[in-house]
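Here is how the chains run, residue by residue.
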Amino acid sequence: MSNRIHLNAFDMTCVSHQSPGLWRHPENRADEYNSLEYWVSLAQTLERGGFDALFLADVLGIYDVYRNSSAPALLDADQVPLNDPFMQVSAMAAATQRLGFAVTAALTYEQPYALARKFSSLDHLTRGRIGWNVVTSYLESAARNLGLHRQLDHDARYDIADEFMEVVYKLWEGSWEEGAVIKDRFRGIYTDPTKVHPINHHGKYFDVPGIHLSEPSLQRTPAIFQAGASPRGRRFGARHAEGIFLNSINTAVTRRQTDAIREELEEAGRSRNDAKIYALITTVVADSDAKAERLYREYQQYVSREGAMTFYGGWSGLDLSRYASEEELKYLDTNAARSALSIFTTADPGKSWTPNSIADYLGIGGIGPVLVGSAETVADEIERWVDESGLDGINLAYAITPGSFEQFTDLVVPELRKRGRTWSDYEGSTLREYVAGSGNLRVNDQHPAAAYRGAYTNQPSAADSKASPTPEIVLTGKN
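Residues numbered from 1 in each chain as written. Predicted model: local features only at pLDDT ≥ 70, side-chain atom pairs only at ≥ 80, totals over all residues. Heavy atoms only, no water.

Chemist: Help me out: how do you make sense of the overall build of the chain in this one?
Modeler: Tallying secondary structure elements over the chain gives 15 helices and 13 strands in all. Whereas a compact globule of 479 residues would reach a radius of gyration of roughly 23 Å, the chain reaches 23 Å, a difference of no more than 12%. Seen through its principal axes, the chain has C-alpha atoms that stretch 80 × 50 × 50 Å. For the chain, buried positions account for 56% of its 479 residues. Accessible surface computed for the chain: about 20000 Å², of which carbon and sulfur atoms make up 48%. (Helix = DSSP H or I, 4+ residues; strand = E, 2+ residues; numbered from the N terminus. Rg over C-alpha atoms; globule rule 2.2 N^0.38 Å. Buried < 20%, exposed > 50% of the residue type's maximum accessible area, 1.4 Å probe, protein only. Areas by Shrake-Rupley, 256 points an atom, 1.4 Å probe, with all protein chains shown as cover.)

Here's what the structure looks like:
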């Protein structure tokens, strides 16, 4: 299906993800985020709707820019309390057969050797349905709590990220040759050590001399996603990503972003379509436009304006409490998520943005459009957004959960299927196949990870003696 609209669901292991205050709505079960039952049921709903993946966002700090305090975030449960997104994936995978899972991990605060094993483990346990949303983190609070005096400069984080990716590609693609795992019970050989190689990586930021701890998984390298819209982030995404997520406020702005990304892909030596591009969208759907509008107005009654400005402070690094409510904002360069700041102050030069208008905009669905109406109306709008913006799909956020996902699955998905815009059944069985097409089990030849396939064949292996022999240990008896 050449014009298929790819569907991902956007969630987070917290109470308030993108719609601050709506956790108070009587039908919102977001406060069940810390139960496996919630995640298993959600995964089964999304698989019924033919979603490519459940995309799990994450941060490693607290939103404490607004009012220079963590209190607003705690009062409204704005992405705090927050659990580890890796933990529920195995349970969801066991309860489904086809749904993929894209997990966010901030490489600024990880070690490539250990993180490579985590993703290999999940790729094994899901039978190839795992992806990694690569982020560099944007919260100053994360930096302070993870050993840094301050957040690293924006572009420096991507310099580290480039080398981090080089290391994990070497581990996933090169360390273990095809056929290294024999499982010969008769000869007592599980792995042929001559086909397992240390990667001997010694770079500017990382030293990783050894072999990958995990045997090759179905995809080897998990499907790679990325969500950086700054010039440096786009260059990183153009080199590494197979899926790129955008925030935007209208189709014209989004079209400029998608065109720029596809040009960057070509400059990186890849095809213009080697990365699928998704935009964040929230929907409020009912049996008729009038019912949907009433439901949207009902949701608006629960919005927390303080929560909206708390989110914006974390995303942009800008404390809106320092400005008058109707003061026009200008672009200010920060080390936070630059796209969250520029999208309001420079990307749409025809509109004036103030703290009040930003809070109103962010109240439901965060930085992205909210489509309200019947299944037909919402499907029309999704098609318009995708076609006018040059998108490949959407990242569906919720107003309430699981209600928003159930509305979409039960009402909008059948309409999109009727129009031939999304599949009626999964094609392929791995997340990379959902993104790149059936049969694309491994990264394609233009992807930088492919350079390490077989790169260590005929190089020193685990069967060779160590370069430095182990010192002799002399045991002496007690006197």
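Chemist: Sorry if this is basic, but what is going on with the pattern of salt bridges here?
Modeler: Opposite charge on two side chains permits them to pair, given that their charged atoms come into close proximity. Taken as a whole and judged by the stated rule, the model has 28 salt bridges. Across the salt bridge formed by Arg432 and Glu242, the nearest N and O atoms sit 2.6 Å from each other. Taken together, the positions of Arg432 in helix α15 (residues 431-436) and Glu242 in the loop between α7 (231-240) and β10 (243-246) put the pair 190 residues apart, joining distant regions of the chain. In this pair, the class of Arg432 matches that of Glu242, namely buried. The structure contains a network of salt bridges with shared partners spanning Asp380, Glu383, Asp387, Glu415, Lys418, Arg419 and Arg421. (Salt bridge = Lys/Arg side-chain N within 4 Å of Asp/Glu carboxyl O.)

Chemist: Would you mind going over helix α10 (residues 305-316) with me for this structure?
Modeler: Along an α-helix, residues three or four apart share an orientation, since each turn contains 3.6 residues. Relative to the 16 Å expected for 12 residues at 1.5 Å per residue, α10 spans 16 Å between its end C-alpha atoms, a close match to the ideal helical length. In terms of burial, α10 is largely enclosed, as 10 of its 12 residues are buried. Listed as buried for α10 are Gly307, Ala308, Met309, Thr310, Phe311, Tyr312, Gly313, Gly314, Trp315 and Ser316. Immediately downstream of α10, the backbone of Gly317 shows phi near 80 degrees, a positive value. (Expected span 1.5 Å × (residues − 1).)

Chemist: Sorry, what's going on with unusual backbone geometry here?
Modeler: Most of the time, phi is negative for any residue but glycine, and the peptide bond is trans. Residue Pro81 follows Val80 across a cis peptide bond; omega there is 5 degrees. Cis geometry is found at the peptide bond from Thr401 to Pro402, where omega equals 0 degrees. Tracing the chain through its elements places Pro402 in the loop between β13 (393-397) and α14 (403-418). Phi is positive for Gln79, close to 55 degrees, though the residue is something other than glycine.

Chemist: So what exactly am I meant to see when it comes to the nonpolar core here?
Modeler: The tendency in soluble globular proteins is for nonpolar side chains to be buried as a group. Grouped together as the largest cluster of nonpolar side chains are 120 residues, with contacts concentrated most on Leu54, Phe101, Phe119, Trp132, Met165, Ile382 and Phe408. The element contributing the most residues to this core is helix α6 (residues 154-174), with 10 residues. Those residues within four positions of Ile382 in sequence are excluded, and the remaining contacts are Ile5, Leu371, Ile394, Phe408 and Val412. Membership of the second largest hydrophobic core comes to 11 residues, among which are Val284, Ala292, Leu295 and Ile364. (Core = buried A, V, L, I, M, F, W, Y, C linked by side-chain atoms within 4.5 Å. Contact = heavy atoms within 4.5 Å.)

Chemist: Could you clarify how one ought to interpret the packing of aromatic side chains in this entry?
Modeler: Geometry of an aromatic ring pair is reported as the spacing of the ring centres plus the angle between the planes. Taken as a whole and assessed by the stated rule, the structure comprises 20 aromatic pairs. Here Phe10 and Phe55 contribute two aromatic rings whose centre-to-centre distance is 5.1 Å and whose plane-to-plane angle is 25 degrees, an arrangement assigned as stacked. Taken together, the residues Phe10 in strand β1 (residues 6-12) and Phe55 in strand β2 (residues 53-57) connect sequence positions 45 residues apart. Like Phe55, Phe10 is buried. Geometrically, the ring pair formed by Tyr158 and Phe236 is tilted, given 5.5 Å between the ring centres and 50 degrees between the ring planes. Of this pair, Tyr158 sits in helix α6 while Phe236 sits in helix α7; the two residues are 78 residues apart in sequence, bridging distant segments of the chain. Each of the two residues, Tyr158 as well as Phe236, counts as buried. Among the aromatic residues, ring-to-ring pairing joins Phe86, Phe119, Trp132, Phe164, Trp172 and Phe206 into one connected group. (Phe/Tyr/Trp six-rings, centres within 6.5 Å; stacked < 30°, edge-to-face > 60°.)

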